[in-house]
Amino acid sequence: MPEAGIGFKREAFDALMAGDGFDAGSLHRFRERALAEFEAIPMPSPETEEWRHTDLREFDLDSYEAYREEHPADTLDDVKPDLLEAVGDVGDRAGLSIQHNSTVVISHLDPEAAAKGVTFASLDDIAHTRPNLLANRLHAAVPSDRSRFTALHAAFRTGGTFVHVPAGVKVDLPLQSLTYVDHDGLAVFPHSVIALEEGAELTFIDRYVSPDLGRALSDAVVEIYAGPNSRLRYVVLQEWGQGVTHLSVQRAHLDRDAEVRTLAVAFGASLGRAEAESLLTGDGSTSEMLGVYFGTGEQHFDHRSIQDHVGSQTSSDLLYKGVMRDRSDAVYSGTVVIRQGAHKCNAYQTNRNILLSETAKAHSIPNLEILSNDPVKCGHAASVGPVDEDVLFYLQSRGIPFEEAERLVVFGFFQEVLDRVTLPEVKGSLERAIAAELEREPEEA
Amino acid sequence: MATETLEKKTDTATLEVRGLHASVEGKEILKGIDLVVPQGEVHAIMGPNGSGKSTLANVIMGRPSYTVTAGQIVFKGQEITKLRPDQRAQLGLFLAFQYPTEIPGVSVVNFLRSAYTSVKGEKVSALAFRKRLKEKMAMLGVEDQMVARYVNQGFSGGEKKKNEVLQLAVLEPDIAILDETDSGLDIDSLKAVAEGIQRLIGPDLGVLLITHYQRILNYITPDRIHVMMDGRIVLSGGPELAHELEQKGYEGFRSDLGLEPAPKETAKGGPA
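Residues numbered from 1 in each chain as written. Chains lettered and ligands numbered in written order. Predicted model: local features only at pLDDT ≥ 70, side-chain atom pairs only at ≥ 80, totals over all residues.

## Considerations on the packing of helix H7 (residues 389–396) of chain A against helix H8 (residues 402–418) of chain A
Residue and element names in this part refer to chain A. As a packed pair, H7 and H8 sit with axes 9 Å apart at the nearest point and diverge in direction by 125°. When the axis of H7 is compared with that of H8, the two are oblique. Between H7 and H8 lies a crossing of right-handed hand. Each of Val391, Leu392, Leu395 and Gln396 in H7 lies in contact with H8, whose residues at this interface are Phe402, Ala405, Leu408 and Val409. (Axes fitted to C-alpha atoms, helices over the stretch in contact; angles between N-to-C directions. Helix = DSSP H or I, 4+ residues; strand = E, 2+ residues; numbered from the N terminus. Parallel < 35°, antiparallel > 145°, perpendicular 65-115°, else oblique. Left-handed = near helix turned anticlockwise from the far one by under 90°. Contact = placed C-beta atoms within 7 Å.)

If you want it as structure tokens, here you go:
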């Protein structure tokens, strides 16, 4: 069992690499390079546009632990009850992978899906057994040198999930990956690589869960490769407890006629910064990006998105909706890019925020970069404000007390997103999460 | 007279407005209104645009942007001037809005169930509520699809007003204020809405019918008619007053009563 100790110095790295069952073999050189990048790249500066809204200059990386091993489980019956509870009611699924702290403790794929050639395993396993599957996929969409945190991730990642669906294979039920952290002071590196070949279909749910912790870091990467005419639904449920700093980058590459629909739910963490990007390279590809966030207490959310249209006749539609309460604050900044030579594109971007207290804040920063000379259909809309007074009066005039009126309005506000969620289990889990947030005691300002 | 009514009929849910003054954004709109509407009676308030009819409706219901500067609103013997709108509704008051508000993402059926639970003070099962709602829908000729839609979103003018009447039917208030429920409707919708209201009128419901036009009175015969001008009730009488108004017009009434002609700039639609 490797003893990485505290912090992300060379000694910690060497200790990890020496560990048994670690994927150092095929990825050693790559990790070495990432470590060098990590050491060379400074902490993100709030003076740059990308990090203007999240200041990490005081963030003490050296106080985190790089690794915490847990015992693998042979069957689901051997998995700790807390973890199973965290997996939640997701209905029938084609496969489940559970990472507990730094170890993927179980990864199960329905034999029927396996027989069709679907691969679903931890990244560590794949690096050992079929490293060729990772070529041009692991850290291709999200390169290690993108930021100090992606470099840290590339050097120190353990666990993670890899999915590959062969051409023409449709996986009817969702695959789910849970990352569960209950070790105070730990840094985890959730990583999902999802690759769909031509005509493949898949639904994948990533879920991040922890109890409230003193301090933890989640440095996450999601890489999506949607082959020609493939269909992917990707859901990420960020339900970290208080004390967790969550920094994630999700990037999808869409080939010809591919369709990728993503839903990002961010209710947890003390600080949550999530970048989501769709690169619509293939002609006729379609991207839908839905986002829902709910801030309470002193939560800080920084959501960034890019809808990058390279191919012609590509469509993208983004809808992020957030409710902020207490002293929480949220920033959404999104960019739509229509590249030169991209013809007949549609791009829509909408961000709406409701503030439930005078001390909560939200900012919305939309950007359009149209480099194509061709006419494009683009639209963006943003709003920030309290619950509409006329709506409140209308509800109250029907006898509905203020708290109940506010609850109805908030559910109604999120309904526009819920109406576009097709998986009943995800819809149910989202509804329960909204209800739980609303039931939290408001904090005194 | 007002106090007398109250003492005599403690069992009936009487709405009383006494010397009511109210302003919006610092501008006085109601300049001393006295009015008594007992349960079981229909009172119509008629008056030109800008006379303060809608303001009166909103002030009685407790809209926060309106300030009562003097006077009282008494309902069921209790002063309600400082109560929140939801408390007034729970006591048995209802306001049908002139411009019903859209509530994105909240279906009519969920909205109504929540309102019903709040007003009746008892939990009702989804099934029992559905049954009750179905009865009222059948009575008013409301189609199933309407209650599944989000409140007032994409509703036609007629559907919005029908939805107000449906709420009135389900919530069963003691006194309902109908704020220009007849406005913005074509003849067929007006007929449907007015007939719906007519079905609900009875000994258990008092109505304060606010209207600009006489045409809804072809369907609903009020017990009393009050003519409102410049923030005051200038004349009250029986149903025959409507015909007189029809013939003379509001301006004719003005000169009869020796009032100043209406200032031009106030001849605008009342606040929503």
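## Section: the confidence of the model for chain B
All names here are of chain B. Residues with a pLDDT of 70 or more make up 92% of chain B, whose mean pLDDT is 89. Strand E6 (residues 93–96) holds the highest mean pLDDT among the elements of chain B, 98, whereas helix H1 (residues 2–8) holds the lowest, 42. When the criterion is pLDDT under 50, residues 1–9 qualifies, and its contacts beyond four places in sequence or with other chains add up to ten contacts. Of the regions scoring below 50 in pLDDT, residues 265–272 engages in 18 contacts with residues more than four places distant in sequence or in other chains. Across the predicted assembly, pTM comes out at 0.91 and ipTM at 0.92. (pLDDT = per-residue confidence, 0-100.)

## Let's talk about the sheet that holds strand E4 (residues 66–75) of chain B
The pairing of strands in a sheet comes from backbone hydrogen bonds and takes either a parallel or an antiparallel form. All names here are of chain B. As summarised here, the arrangement of the four strands in space is E2-E1-E4-E5, forming an open sheet in which the pairing is antiparallel. Two strands bound the open sheet, and with one partner strand each, they are strand E2 (27–37) and strand E5 (78–79). Here strand E1 (residues 15–24) runs beside E4; their pairing, made up of eight bridges, is antiparallel. Its bridge partner being in E4, alanine 22 is matched across the sheet by valine 68. (Pairing = 2+ DSSP bridges.)

## Some details on unusual backbone geometry
The phi dihedral of asparagine 101 of chain A is positive, around 50°, even though this residue is not glycine. On the secondary structure map, asparagine 101 of chain A appears in the loop between strand E1 (95–100) and strand E2 (103–109). Positive phi, normally seen in glycine, also occurs at glutamate 25 of chain B, with a value near 50°. Residue placement: glutamate 25 of chain B occurs in the loop between E1 and E2.

## Describing the packing of helix H4 (residues 108–120) of chain B against helix H7 (residues 157–171) of chain B
Residue and element names in this part refer to chain B. Running from N to C, H4 and H7 point in directions that differ by 35°, and their axes come no closer than 10 Å. Handedness of the crossing formed by H4 with H7: right-handed. On H7, the residues touching Val108, Leu112, Ala115, Tyr116 and Val119 of H4 are Asn163, Gln167, Val170 and Leu171. Classifying every residue of the contact of H4 with H7 by side-chain character gives seven nonpolar, two polar and no charged. (Nonpolar A, V, L, I, M, F, W, Y, C, P; charged D, E, K, R; others polar.)

## Focus: the environment of threonine 55 of chain B
Residues and elements named next belong to chain B. For threonine 55, the position within the fold is in helix H2 (residues 53–61). Judged by local crowding, threonine 55 falls into the buried class, with 24 C-beta atoms found within 10 Å. Between the C-alpha atoms of threonine 55 and isoleucine 29, which are 26 residues apart in sequence, the distance is 7.3 Å. (Buried ≥ 20, exposed ≤ 12 C-beta atoms within 10 Å, placed from the backbone.)

## Considerations on the interface of chain A and chain B
Facing 18 residues of chain A, the contacting portion of chain B comprises 22 residues. Elements with a minimum of two residues in the side of chain A that touches chain B: H7 and H8 of chain A. Among the elements that take part in the side of chain A that touches chain B, H8 of chain A stands out by supplying seven residues, more than any other. Taken together, the residues of the side of chain A that touches chain B sort by class into eight nonpolar, five polar and five charged.

## Digging into the sheet that holds strand E3 (residues 42–46) of chain B
Residues and elements named next belong to chain B. With mixed pairing, the six strands of this open sheet are ordered in space as E6-E7-E8-E3-E9-E10. For this open sheet the edge positions go to E6 and strand E10 (232–237), each flanked by a neighbour on one side alone. Sheet twist, expressed as the mean angle between neighbouring strand axes with direction ignored, is 20°. Packed on one face of the sheet, H2 meets E3, E6, strand E7 (175–179), strand E8 (206–211) and strand E9 (224–229) and runs near 145° to E7. On the sheet, H7 packs against E6 and E7 and is oriented at approximately 165° with respect to E6.

## With respect to the environment of glutamine 153 of chain B
Residue and element names in this part refer to chain B. Its place among the elements puts glutamine 153 in the loop between helix H6 (144–148) and H7. Spatially, the C-alpha atom of glutamine 153 lies 10.0 Å from that of proline 100, the residues being 53 residues apart in sequence. Setting aside its immediate chain neighbours within four residues, glutamine 153 contacts Glu102 and Pro104.

## Observations concerning the pairing of strand E16 (residues 315–324) of chain A
Residues and elements named next belong to chain A. Most of E16 sits inside the fold, with seven of its ten residues counted as buried. Two elements, strand E14 (residues 286–295) and E16, share ten bridges in a ladder whose sense is parallel. Within the sheet, the bridge partner assigned to phenylalanine 294 lies in E16 and is valine 323.

## Some thoughts on helix H6 (residues 148–156) of chain A
Counting buried residues along H6 of chain A, nine of its nine residues qualify, which places the element largely inside the surrounding structure. Among all positions in H6 of chain A, only Arg148, Phe149, Thr150, Ala151, Leu152, His153, Ala154, Ala155 and Phe156 of chain A are buried.

## Some details on H4 of chain B
Spanning 13 residues, H4 of chain B covers 18 Å between terminal C-alpha atoms, matching the ideal 18 Å at 1.5 Å per step. Most of H4 of chain B sits out of view: ten of its 13 residues are buried. Within H4 of chain B the residues assigned to the buried category are Val108, Asn110, Phe111, Leu112, Arg113, Ser114, Ala115, Tyr116, Ser118 and Val119 of chain B. Looking at the buried residues of H4 of chain B, the elements they touch are H8 of chain A together with helix H3 (85–91), helix H5 (126–140), H6 and H7 of chain B. (Expected span 1.5 Å × (residues − 1).)

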